[in-house]
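Each chain, letter by letter, is given below.
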Amino acid sequence: MELADKIHFISAIELFKGLSGEEIRVIAEEAKVREYQPGELLFAENAPRREIFLIAEGKVELFKTTAYGDEQRITFFARFDFLGEGSLMDDAPHSTSARAVEKSTILTLDRELFRSSGSIALVILSNITKVVSRRMRYANARLMNATSQYESGKTRQEHDLLGYRDVPYEYYYGIQTLRALENFNISGVTLNFYPDFINALAMVKMAAARANNELGLLPAELANAIIQACQEILDNRWHTFFVVDMIQGGAGTSTNMNANEVIANRALEIMGYEKGQYEYCHPNNHVNLSQSTNDAYPTAIKIAVIKANDRLVNVLQDLIKSLHDKAREFAGIIKMGRTQLQDAVPMTLGQTFSAFAVTLEEEVHNLNKAAALFLEVNMGGTAIGTGINAEPKYREKVIPYLRIITGLDIRLARNLIEATQDTGDFVSYSAALKRLAVKLSKMSNDLRLLSSGPRAGISEINLPPMQPGSTIMPGKVNPVIPEVVNQIAFKVIGNDLTVALAAEAGQLELNVMEPVMVQSLFESMEMLRNGMKVLRERCITGITANADRCREMVHNSIGLVTALNPYIGYDASTQIAKEALEGNRSVYDLVLEKGLLSKEMLDKILAPENMI
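My aim in this report is to walk through the structure given alongside it, one point at a time. (Residues numbered from 1 in each chain as written. Predicted model: local features only at pLDDT ≥ 70, side-chain atom pairs only at ≥ 80, totals over all residues. Heavy atoms only, no water.)

**Looking at unusual backbone geometry**
Move 1: Going from G453 to P454, the amide bond is cis rather than trans, its omega being 10°.
Move 2: Mapped onto the fold, P454 is located in the loop between α15 (424-450) and β15 (461-462).
Move 3: At S459, a position not held by glycine, the phi torsion is positive, near 55°.
Move 4: Mapped onto the secondary structure, S459 falls in the loop between α15 and β15.
Move 5: A residue is classified by how much of its surface remains accessible, and S459, at 7% relative accessible area, is buried. (Helix = DSSP H or I, 4+ residues; strand = E, 2+ residues; numbered from the N terminus. Buried < 20%, exposed > 50% of the residue type's maximum accessible area, 1.4 Å probe, protein only.)

Quick look at the structure:
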C-alpha cells in the first residue's frame, strides 16, 4: 500500500478525526501493512496490548473464550474498523481474541507512536471515549435506561402518526422505537438479550427484500442495501440498537419497528445518505414491504426458537454423555434402591446414573419434535392471513428465500388465517421445556438426597464442594448446584403457565399476547441451557462414590431379605427381617449367624452382577 493510499485510508477512520493533515501523514508513515490469512490471530486473549489494528480490507472476528472452553463470538469488524485502541489507555492484556475470517489487509500502529506525541494522543483519546461509549451500550443497557445513553447533543427530527420527536443522531433506531422505550419500561429484558431473535428478524427482512426485488417492487440498489444491513446484523453488528422491552403491548409491533428502523437507517448509510432520510429508504414502505407485524414477528420467533433449541439440545446431550460416563464408572458399586423413601431392593449406583441419562435422552426427541412445529410459518399472510397489501406471488417467493437464508425446511402454513391467530406451537414447545425442567429437578432432588450428610444422612455419593455453605456453621458445604437447578425448574414451570394463559387469551384473528410468550420461552431456554452446563461442569463430572457406605447399607438393610428370599425361603426371610428390626441387627450378619447361607454363597448372591 502506497503512502498516499495509507493517508487516504487513515483519514476516513473515526479514531483519527480531528487530526491535521500533517499528523495523519506521520501516522501513515509509521503504519505497517500486514496480510492475515483466514483463521490467523491478530491478537489473543491475555496477550499484552502493544498495537492498534486498522482494517483496510477483509473481515475480522472478535471472540472470547468462556469458562467452559467454548468460543463466544462478540462481533465482526470490517474495512475502516479498528481494534486494540485500549492499548493507548492502560497496560492491561487483551480481554478478547481477534482473528481474520477472510484474507485481510491490516495496518498496525505501535502504541509508542501516540505516547510520544501528546497532541495526537489527546485527539485520539477523545475519539476513543465516544467509541467505547457506543460499544459498551449493550452492557450499560442492563444497568440503566437506554434512553439516557447519549453520545452527543446532536439529534435528528422524525415524525409519526402522533407527531414529531427528536431522536439522538447516533442511534440507528427511530421515533417508534423511542416511543416504545418510554412506554414499555417493564422487565428490563430487552431484545438484545437474545441474539437469536435479533438475527431471526434480520433473516425475515432479508428474505422479504429479496422477494420484493424479484417481484419488481424494490429497486436493486435499495434491496441490496437492506440485504447488506441485515447481513451486518447477522454478523453481530448493530445488536445494541435493538432496545425495546421483550414484554410490550401491540402484539410485537414495537419489536418489528425496532428492526425496521435499524435496518432502514443502516441501509441509508450504505447508500450514502444520512440516518433519518426516509424518503430514500423507509422503515415501513421499504423494509416492511409486503409484511405485517402479524406475519413477520411470529415467523422470526419461530426461526429463533428453532436455532436456540439446537443449542439447548447440544448442551442436553453433553449432560447425558456425562451421566453415562458416571454410570460406567459406578457400575460395580452395590447400593440399596428405595421406594417411598424406604429400603426396597439392591441395585448398583451405576444403574441410578444410567436411569438419569436415559430419562433425559427421551427429552432430546421430545424437544426436537416440538421445535419442528415451528417450521410452519404464516409469512405472506400480513395482517390477519388474507395477504392484504402483498403481491399474490409474494408468499411463494419469500418462503424459498427463507429456506436458503435460515438453512431450515420452512414451509407455508396450509391456512394462513388459522396460522396467524393460533399459538398452539408455543404451548407445545413450552410444555416440552417444562417436561425437561421437571426431570432435571427430580434428578437434582435425588442428588441432594443421595449426598445428604455427610455423617447423618444417606451419603452414598459426594458432590464436588463448590463454596462454603454457612455463615455460622464452620465446615458446612451445601449442594448449591442441584439447588440452583431446582430453582430454574420452578421458573420454567411458571413460564409454562404464563404461555398457556397467554395462548388462551387470544381473541378472534390475532393473539396480542405473543410478546410475553416469547419472553417466557427464551428465558426458559436460556436458563435451562446455562443450568445444564453448570450442572454438568460443576456437579456431575466431579461426583464420587462412597462405595463402603453403599455396601454397608445393603448389608444392614431389611430390604436385603427380598433378594435372599429365593434362597432361604419366605418364612426364614420373614424371621430374619423381624429379628433385624427388633434387635437393630444386620441382615447379613444374622444370615451367617444362623447358618442359612455360607459367606461365599451370600457374597455371591450380593455380587453386583447377580443382584441386577
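Back to the text.
**Quick look at the nonpolar core**
One broad rule of soluble globular proteins: the nonpolar side chains tend to lie buried together.
Move 1: Within the largest apolar cluster, 124 residues are counted, with the highest numbers of intra-cluster contacts made by F197, I226, F353, Y429, L440, L447 and L535.
Move 2: Per-element accounting of this core gives the leading share, 17 residues, to helix α11 (residues 293-329).
Move 3: With sequence-adjacent residues up to four places away left out, L447 is seen in contact with F353, F356, I461, L463, P482, L535, C539, I540 and I543.
Move 4: Counting residues in each nonpolar core, the second largest holds 19 residues, with I24, A56, F82 and L113 among its members. (Core = buried A, V, L, I, M, F, W, Y, C linked by side-chain atoms within 4.5 Å. Contact = heavy atoms within 4.5 Å.)

**Structural notes on the environment of L201**
Move 1: By the secondary structure assignment, L201 is in helix α7 (residues 195-214).
Move 2: Using a relative accessible area of 2% as the deciding quantity, one classes L201 as buried.
Move 3: C-alpha separation for the pair L201 and T299, spaced 98 residues apart in sequence, amounts to 8.3 Å.
Move 4: Sequence-distant contacts of L201, defined by excluding residues within four places in its chain, comprise T255, A259 and A300.

**Comments concerning the pattern of salt bridges**
Move 1: Applying the stated criterion across every chain, the model contains 34 salt bridges.
Move 2: Among the ionic pairs, R435 bridges to E362, the shortest N-O distance being 3.9 Å. Linking R435 in helix α15 with E362 in helix α12 (residues 349-372), this pair joins segments that are 73 residues apart in sequence.
Move 3: Judged by relative accessible area, E362 falls into the partly exposed class, the value being 40%.
Move 4: Measuring nitrogen to oxygen at the nearest pair gives 3.2 Å for the salt bridge that ties K434 to D496. With K434 in helix α15 and D496 in helix α16 (residues 480-504), this pair connects stretches of sequence that are 62 residues apart.
Move 5: Its relative accessible area of 11% is what places D496 among the buried residues.
Move 6: Through salt bridges with shared partners, a single network forms among E232, R266, E269 and K275. (Salt bridge = Lys/Arg side-chain N within 4 Å of Asp/Glu carboxyl O.)

**Comments concerning helix α1 (residues 3-11)**
Move 1: For α1, the full list of buried residues reads K6, F9 and I10. Viewed end-on, α1 has its buried residues packed into an arc of 95°, placing them on one side of the element. Along α1, exposed side chains directed more than 90 degrees from the buried face belong to A4 and H8.
Move 2: At its buried positions, α1 is contacted by α2 (21-30), β1 (32-36), β3 (51-57) and β8 (104-110). (Arc of directions from axis to C-beta.)

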